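Residues per chain, in single letters:
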Amino acid sequence: MDESGPSRTALATAYARAYHQMVDRPRILTDPYAARILGVTPEELSAMGERSGDDPGGGAMRRPRRLFFAARARVAEDRVAAAWERGVRQVVVLGAGMDTFALRNPHAGLRVFEVDHPATQTWKRRRLAEADIDVPETVTYVPVDFETDLLATELESAGMSRTDPAVFVWLGVVYYLTSDAVDATLDHIAGGARPSEVVFDYLQPPTGDEDVSRLRERADRLAAAGEPWFSYFTPGDLRAKLAGLGFGEVDDRSAAEVIDEYIGGTTDVQDDNPQALRASRIVSAVRR
């Protein structure tokens, strides 16, 4: 990624979520900060939505992908709400990007630790100030490079309690990490106070020549932009990995299944489903 600015994919997700607020009904995720944090007008969003490329205002804003971006965030926020009802008072958002849950957090006493690459986090905090968006006292920003920094050390320094349970939200990140980095992060989460929970999405390996070709084409474009994909998992292999770490409750669903949960009738989404979305799955896993 560009070390002097935000992650390209974080911006793509943010534009898609902002556009979702405008054009999709029923709305899966309500986010009044999505456009404000970007500093973009409705007219500019509409123009971006008509593009067909993979720039931040292009391919990510196509209906299937923007619905999945909204749905995976909604899954995570629903899991956080359920954990809060059980008494959990910490959530860690790994690779937070332009996520705005910390600004919309409705749960009294819930601390939110936003973890991200320093360049992306610096840009986001500057945009929050420029947009005159108040940051709640319950938010703590934790700059971390997943490939070089120790997550445990940085979170401890930021004030997260390892003796209290937490939910880890880890969206749009896993496939950009090496397997070793993924394993280290899951091991850290599993080692916390019980119940420990993680919500994340991942990519399955492509099957069939056409899917392989299309996924490789997209991966090559992202690699050229400095954000290559490194990790793919089959549902079976991932479930075994999680079981080995003590996660006994695992919910693993496809992108289409997750979207269907919130809007129903995903036939049109499945018919116009880019390969990267067909390969996408979201997991919630609990270790009690």
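Right above here is the structure, for reference.
How each quantity is defined
Once a new chain begins, its residue numbering starts again from 1 and follows that chain's sequence as written. Given that this is a predicted model, residues contribute local features only at a pLDDT of at least 70 and side-chain atom pairs are listed and counted only at 80 or more, while totals for whole chains, interfaces and linings are drawn from all residues. The side-chain numbers reported here are obtained from all heavy atoms of the structure, hydrogens and water having been left aside. Going along the chain from the N terminus, every DSSP run of H or I of four or more residues is numbered as a helix, and every run of E of two or more is numbered as a strand. Exposed residues in this analysis have more than 50% of their type's maximum accessible area, buried residues have under 20%, and partly exposed residues fall in between, with area computed by a 1.4 Å probe over protein chains only. Residues are treated as being in contact if the distance between any of their heavy atoms lies within 4.5 Å. Surface accessibility in these figures is a Shrake-Rupley result with a 1.4 Å probe; residues are shielded only by whichever protein chains are displayed. Pairs of N or O atoms are called polar contacts if they sit within 3.5 Å, as long as, within protein, a hydrogen donor faces a hydrogen acceptor (for residues adjacent in sequence, only side-chain-to-side-chain pairs). Orientation is described by axes fitted as lines to C-alpha atoms, over the contacting stretch for helices, and by angles from 0 to 180 degrees between their N-to-C directions. Any angle between 65 and 115 degrees counts as roughly perpendicular, while under 35 counts as roughly parallel, over 145 as roughly antiparallel, and the rest as oblique. Two strands qualify as a pair provided that DSSP identifies no fewer than 2 bridges between them. Note on definitions: salt bridges are taken to be side-chain nitrogens of Lys or Arg within 4 Å of carboxyl oxygens of Asp or Glu.

Q: Tell me about the overall build of the protein chain, and name the residues and values.
A: Counting its regular elements, the protein chain contains 13 helices and seven strands. Out of the 288 residues belonging to the protein chain, those deemed buried represent 54%. Across the protein chain, the fraction of contacts at a sequence separation of at least 24, relative to all contacts at a separation of at least 6, is 75%. About 12400 Å² of surface is accessible on the protein chain, with carbon and sulfur atoms providing 47% of the total.

Q: Would you mind going over the side chain of Asp99 in detail, with residue names and values included?
A: Note on placement: Asp99 falls in the loop between β1 (90-94) and α5 (101-104). By relative accessible area, which is 13% here, Asp99 ends up buried. Engagement of the side chain of Asp99 in a polar contact is seen with the backbone nitrogen of Phe101, the distance being 3.0 Å. Not counting the four nearest positions on each side in its chain, Asp99 is found in contact with Arg17, Glu114 and Lys124.

Q: Just give me the short version of the packing of helix α4 (residues 63-85) against helix α11 (residues 255-263), but keep the residues and values in it.
A: Here α4 crosses α11 at 75°, and the two axes come no closer than 9 Å. The angle between α4 and α11 falls in the class roughly perpendicular. Touching Arg63, Pro64, Leu67, Phe68, Ala71, Arg72, Arg74, Val75 and Asp78 of α4 are Ala255, Val258, Ile259, Tyr262 and Ile263, all from α11.

Q: Account for the sheet that holds strand β7 (residues 280-287), naming residues and giving values.
A: Two strands in a sheet stick together by hydrogen bonds in their backbones, pointing the same way (parallel) or opposite ways (antiparallel). What the seven strands build is an open sheet, ordered β3-β2-β1-β4-β5-β7-β6; its pairing is mixed. What marks the edges here is a single partner per strand, and that holds for β3 (139-143) and β6 (249-254). Along the sheet, successive strands turn relative to each other by an average axial angle of 15°, direction set aside. Pairing of β6 with β7 involves six bridges; the strand directions are antiparallel. Residue pairing for β7: Glu249 is matched across the bridge by Val286.

Q: I'd like to hear about the pattern of salt bridges, residue by residue, with values.
A: Here the structure, examined in full by the defined rule, presents 17 salt bridges. The salt bridge involving Arg86 is made with Glu197; its shortest N-O contact spans 3.4 Å. On the criterion of sequence distance, the pair formed by Arg86 in the loop between α4 and β1 and Glu197 in strand β5 (residues 196-203) is long-range, its members being 111 residues apart. Of the residues examined, Arg86 reaches a relative accessible area of 42% and is grouped as partly exposed. A relative accessible area of 2% means that Glu197 is categorised as buried. A salt bridge links Lys241 to Asp183; the nearest nitrogen and oxygen atoms lie 2.6 Å apart. Of this pair, Lys241 sits in helix α10 (residues 235-244) while Asp183 is found in helix α8 (residues 179-190), placing the two residues 58 residues apart along the sequence. Through salt bridges with shared partners, a single ionic network connects Arg17, Asp31, Glu77, Asp99 and Arg104.

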